[in-house]
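# Structure at a glance
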Amino acid sequence: MRIAVYVCHCGGNISDVIDVQEVAKFADEQDEVVLAKHYSHMCSNQGQNMLIEDIRKHEIDKVVISACSPLFHGETFKSVLEKAGLNPYLVEMVNIREQCAWVHYDEPRRSTEKAKSLTAIGIEKVRRNSALEKLQQDIGKNVLVIGGGIAGIQASLDLGEAGFNVHLVEQKPTIGGRMAQLSRTFPTNDCAACILGPKMSDVGNNKNINLYTNSEIQDISGTLGDFHVQMTKNPTYVDPDSCVSCGVCADACPVKVDDEFQWGISKRKAIYIPVDFAVPNKFLIDENSCLRLKARRKNSDSQVCGLCAKACPQDSISFEQKPEQIELDIDTIIVATGYDVFNAKEKPEYGYGKFEKVLIAPQMERIIVQQGEGKKTRDIGKRIAFIQCVGSRDEQLGREYCSRVCCMYATKLAQLIRHSAQVAGQEKDIYVFYTDMRTFGKGYEEYYKQTQKMGVKFIRGRPGEISEDPFTKKLTVTVEDTLNRQIIQSEFDTVILSVGLQLSAGGEKIADILNLPKSTDGFLQEAHPKFKPVDTQTEGIFVAGTAQGPKDIPDSVAQASATASRAIRLMNQGKIFNEPMKAFIHTEKCDACGKCLNICPHKAIAFSSKSIVRINQNICKGCGSCIASCPKDAIDLQMFTNEQLSKEVKAALSNKKEGERRALIFADNMCTYKLADSVGTAKKSYPIETRIIRIPSSSRVSPKLILQAFILGADAIFIGDCEEKSTPFKDSIQATECNVRVAKDILKKVGIADNRINFFQFVTVMLPKFVNFMHQTVEIAKQKNPITLEQRRILEDNLQEYLFPN
Amino acid sequence: MIKKIIIDSEGNKFLEKIETISGEKITSCDQCGVCTGSCPFTDNMDITPSNVMRKVQLGQKEVLETKTIWVCASCLHCMTRCPRGLDLSKVAEALRQISLREAIDNFDIDQIDKEETKKLPPIALVGSFRKLTG
Amino acid sequence: MRENKLRIPYYPGCTLKANAKNFEVSALHSMEKLGIEMIELPRWNCCGVVESLTADDKMRHLAPVRNLIRVEEMNEAGIVDDEFRLLTLCSMCFNTLKRSNKFVREDQENLDLINDFMYQEPDYQGKVEVIHLFELLADRGFSRITEKIEKKLEKLNVAAYYGCMLLRPRNISIDDAENPNIIENFVSALGANPVNWHNKHRCCGSYHTLSNKQLVVDSVKEIIQDAQKNRAEIIITSCPLCAFNLDQRQKEIKEQDDNFRQMPILYFTQLLALALGLGKESFGFDQNYIDPEPVLKRFLE
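Okay, so let's go over this structure. (Residues numbered from 1 in each chain as written. Chains lettered and ligands numbered in written order. Predicted model: local features only at pLDDT ≥ 70, side-chain atom pairs only at ≥ 80, totals over all residues. Heavy atoms only, no water.)

### With respect to the interface of chain A and chain B
Just so we agree on the cut-off: Here, residues are in contact when the closest pair of their heavy atoms is within 4.5 Å. What gets called buried area is simply the loss in accessible area from a 1.4 Å probe that two parts show on being joined, summed for both. Should a side-chain nitrogen of Lys or Arg be within 4 Å of a carboxyl oxygen of Asp or Glu, the pair is scored as a salt bridge. Nitrogen and oxygen atoms within 3.5 Å of one another constitute a polar contact, given that in protein one can donate a hydrogen and the other can accept it, and given that sequence-neighbouring residues count only through two side-chain atoms. A run of H or I in DSSP becomes a helix once it reaches four residues, and a run of E becomes a strand once it reaches two; helices and strands are each numbered from the N terminus. Throughout, the ten residues Ala, Val, Leu, Ile, Met, Phe, Trp, Tyr, Cys and Pro are labelled nonpolar, Asp, Glu, Lys and Arg are labelled charged, and all others, Gly among them, are labelled polar.
Every contact between the two is made by 19 residues of chain A and, on the other side, 20 residues of chain B. Between chain A and chain B, a total of about 1500 Å² is buried, with carbon and sulfur atoms accounting for 43% of that surface. The largest per-residue losses of area from chain A upon contact with chain B belong to A:Gln396, A:Arg462 and A:Arg485, which jointly make up 35% of the total buried on that side. Applying the counting criterion to the chain A and chain B interface returns three salt bridges. Run the count over chain A and chain B and you get 16 residue pairs in polar contact (both at pLDDT 80 or more). Among the elements that line the side of chain A that touches chain B, the one with the most residues is strand 25 (residues 475-481) of chain A, at three residues. Here the side of chain A that touches chain B is built from residues that sort into three nonpolar, six polar and ten charged.

### Comments concerning the packing of aromatic side chains
Quick reminder of the rule: Centres within 6.5 Å are what make two rings of Phe, Tyr or Trp a pair, Trp counting through its six-membered ring; a difference in plane orientation under 30 degrees is then read as stacked, over 60 as edge-to-face, and the rest as tilted. Partly exposed residues are those whose accessible area sits between 20% and 50% of the maximum for their type, while under 20% is buried and over 50% is exposed, using a 1.4 Å probe and protein chains only. Whether a charge sits over a ring depends on NZ of Lys or CZ of Arg being within 6 Å of the ring centre and within 35 degrees of the ring normal.
In this structure the tally under the stated criterion is 23 aromatic pairs over all chains. Arranged with centres 6.1 Å apart and planes meeting at 80°, the rings of A:Tyr686 and A:Phe770 form a pair that is edge-to-face. Linking A:Tyr686 in the loop between helix 17 (672-681) and strand 36 (690-695) with A:Phe770 in helix 20 (residues 767-781), this pair joins segments that are 84 residues apart in sequence. A:Tyr686 sits in the buried class, given a relative accessible area of 4%. Take A:Phe770: its relative accessible area is 0%, and that puts it in the buried class. Ring geometry for C:Phe23 and C:Phe268: centres 5.9 Å apart, planes at 75°, overall edge-to-face. One end of the pair, C:Phe23, is in helix 1 (residues 21-33); the other, C:Phe268, is in helix 12 (residues 268-275), and 245 residues separate them in sequence. Summarising the burial analysis for this pair, C:Phe23 and C:Phe268 share the class buried. Ring pairing ties together the aromatic residues A:Tyr686, A:Phe718, A:Phe760, A:Phe762, A:Phe770 and A:Phe773, which thus form one cluster. Stacked on the ring of A:Phe319, the Lys or Arg A:Arg292 has its end atom at 4.6 Å from the ring centre.

### A look at the interface of chain B and chain C
If you look at the interface, chain B gives 41 residues, while chain C gives 43 residues. If you sort the residues of chain B by the area they bury against chain C, B:Thr80, B:Ile123 and B:Arg130 come out on top, with a joint share of 21%. Taken together, the connections running from chain B to chain C amount to two salt bridges. Here B:Arg81 ties to C:Glu178 by a salt bridge, and the two come within 2.7 Å at their closest N and O atoms. Applying the counting rule to chain B against chain C returns 13 residue pairs in polar contact (both at pLDDT 80 or more). Listing elements by their share of the side of chain B that touches chain C, those giving two or more residues are helix 1 (9-22), helix 4 (68-71), helix 5 (77-81), helix 6 (88-100), helix 7 (114-119) and helix 8 (122-132) of chain B. For the side of chain B that touches chain C, the element with the highest residue contribution is helix 8 of chain B, accounting for ten residues. A breakdown of the residues in the side of chain B that touches chain C according to their chemical character gives 20 nonpolar, eleven polar and ten charged.

### A word on the environment of A:Leu168
Residue and element names in this part refer to chain A. As for its position among the elements, Leu 168 is in strand 7 (residues 165-169). You can call Leu 168 buried: its relative accessible area is 0%. Separated by 25 residues in sequence, Leu 168 and Val 143 have C-alpha atoms that sit 8.4 Å apart. Setting aside residues up to four positions removed in sequence, Leu 168 forms contacts with Val 145, Gly 147, Gly 148, Gly 152, Ser 156, Ile 175, Val 203, Ile 209, Asn 210, Leu 211 and Tyr 212.

Take it as geometry only, folks, not as evidence of what the structure does.
This is how it looks when you write it as structure tokens:
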């Protein structure tokens, strides 16, 4: 074996603290290392070329790069090895930047020693790396888009036009979403229906888009390239092929109910079309208000009413329609489930639902549309007040976040009210009570100024309460003008509450079905706030629009196009590649005891014959949970093998001086390792006695590995993983908890304090917590009554018996 | 004449003291004014409740001289609505305590109408002593 | 079917033994009729009156917590059977006791501190649940009151006045702090008509009644006039200080404004006693400043 080791200066980031020359010299002295160098920038073109040349010239077959985090440049060096004709899995990166130079910058001497130790760990690991191939899987071109608002429409059109096969599912009877309910859009005052309508009909006409309205997702299983979707298409009781949308049926219908599309400010019939530009443009029956359908729930052959069916000239109405179950095989998924507005009744001091002249902003949108259409609608009177941040930025409601669109939509509504009044020769006094005006988008500040110039008064203050005069129904608002330090108590004809946004009820359901994590604001969480803003934690599932967080139309559309491009990126090649991180069996050790079978959360392990246990590589996710169950060490995990890990542990604990203590950290790749990187980037220091070992999931750490570490000289160990909801590995947290319990019990048996092993779950923003934990772990390592050699020896002698008692 | 004020570490000490006594994170007040808009007794105050918070934030000790801090009856309308979850009654109490702990009374017991003491509920008397005397 | 009588520890507080005797009498008699035996806490002391608002002075929680120890003792001595709810009537006592209970129950350090300080008392274990009579009645179901009504208070317009202490802070509230309806439900259970009004939880001015009488006079006037605008004939409350302010300060309001229409202020238990058909000795109307008898005449015969 011919190993080459490179120590990177990182342009001073590393070499200002660590003596890189000394580290290179140390590496050179290790067995099988035939070449050791230090260089200013290994990741630069020159660095990469040097590496390729060296590999060829010195016939190198394994490489160690002591530089930055493998999460940062791991892929870079894999591809360099490929270029040099080596298998890419034969390189290991040693993280002496984030885990050494940046966190121990005030201890250069000891940092150099630690860098040597870390490099030794890397050398031990790379010795046991084997040539692996990425796993290849076929992928089709079928995309599921959930939600037919502007984000879902945009994503569907992008994908459909690019030749992908789109299945667009919408719960409501028409696509168009919330945007279809708006009057005009800021900051251009375009009519929403006029710009959205054509896009909606494009969806209807695109041959690559299969549209399912009035439909609900029931369940989704599987993974990228192999999702399986079950959904229900609810009956509309109108045959869409023959209905010509003449509306005779609705004229005949005797039932009137609140029209949800109009936010309840006007009524519709039980047979209706949501709006005249609906897609599909077909009538449907609302089964919750139709007299016959209601009667049929009690008596299945009731014949009450039926006036619509009698009136229909096309004979399109059928009360016999049943829900239709649809199943789809899907390769990628885009979640665009949108938002619901805050329920203003949860803010009783503003009287919504109790005082008839208190409206929510979406209702005002519809009043303006109805006015524009010349319909009879609500009279809002002369004096109008807007109250901002209703259901936003309010800890009383547990909603700390800003809804981002309310400042602008209130400004827009104020403009539109003002404008239509001017046209009609009326006077309107409009006041906007705000906490902060946030008009940050392109052209928004200008729009705000334009509104101020129109004479709309913006008053900085959050009203305490609204009262209603029981006779005149006028509303009194009490509010401090905080800029003037005076209290305004004034009467208004209408108060409009600028309600905030929240994840829609449909979004909640989809999040449950797909097991998508939510951020603290309750919206769906993206995989990375900066670099993966439309990915979710689950590969192949993307999120667009307000499901991810409040945003305006331009941002929703941009995100939607981004999801389309991310989905295309996966599907376009027809193939996807996965890391070969899979469990496998050392058949020579396996005695087919079957203990591992029930441990696997995915049921990937099974008997293939009476004496042979097999692992299905297509099902295995690589969590390593099964390893702990095997008394014969016959199960292993590719890329993180038993041998690799135990040698890494050994290297991490070697060269311990008299009285020196060491703490070992097993850091999962997804959260803890990333967090350690962030701590390094933030240059927050922690004790130098720590050694971090990267693992795919905490469940990979078997009790045996933990105890081996204590035998070899560890004084404290902590295992870190993600919180349960964000780990990609099913049931891994429970598995780790169990493993840690087993290890603790055994430690107690030999008289070692069981607080020396701990497990903790992190989210990637917990920097101080992580630093704290590092301190605590080292404190535990240094506690009185150190582990004696005798204790370590007893542990070693009885290890197998303790782990697998007969 | 517009008075100039200084913002300095002296002021920060005052802020810290009030934060310690009240247990409230006063710096997180956003000055939205919902407290003022909810207060039933602003007619009897000289500065608005939100202004009290502002003056404490900036360490302006003159806030101790205001009527407002004595008028606050801890009815908690403001606390129920504060979007930053602050309890202004605790801030007012802390400001009152600065005076009361120096045994300065804000209320003269001899003032009480003797006839009325017979009718007054004990909780009114004790409440007053607790809130207004040192 | 014989109904088991509920025996529950009860904390009266000082005011119910003085100016608000009518509150206590009407409550005791009414509860007896409803099968609830209120057992007065032995050796109770002052509730502490007004919750301590300073973070750096925890000793003010001693008085309230000491009363809670008595409840645990009653259970130990078998005076009540596994009944750790402490019933209060006075809103102020309810508020002070419940908040201090929270203060020690939710923080072990606080509990230890208070217990250490009162080392001569048995330790408080944190088992007590402070409740208000409204909560007890609502939990049992207001329909159980309706069943026992002898005089349905038909067409009597009642304004339910919550004040501050039953609702705020939110974490001790007996109902939604901004939109409560528990007292309205109680009023409906008596057959009366609860009015819808704005000022039902506005502060009356509280202890300012001593030092700043005019503040309270102005505040009470606004509260009463809002009730009247919404056609209320009487106001009911459960706070002796609110009751005093709302009732007695009408004298000053009338002196300042001759057009002011006075209206009676009742403890909710007085109204309950009336509806349950109890006798005049259970009402204690003689302690009310504004005589409620004219308004209630139709139910008194």
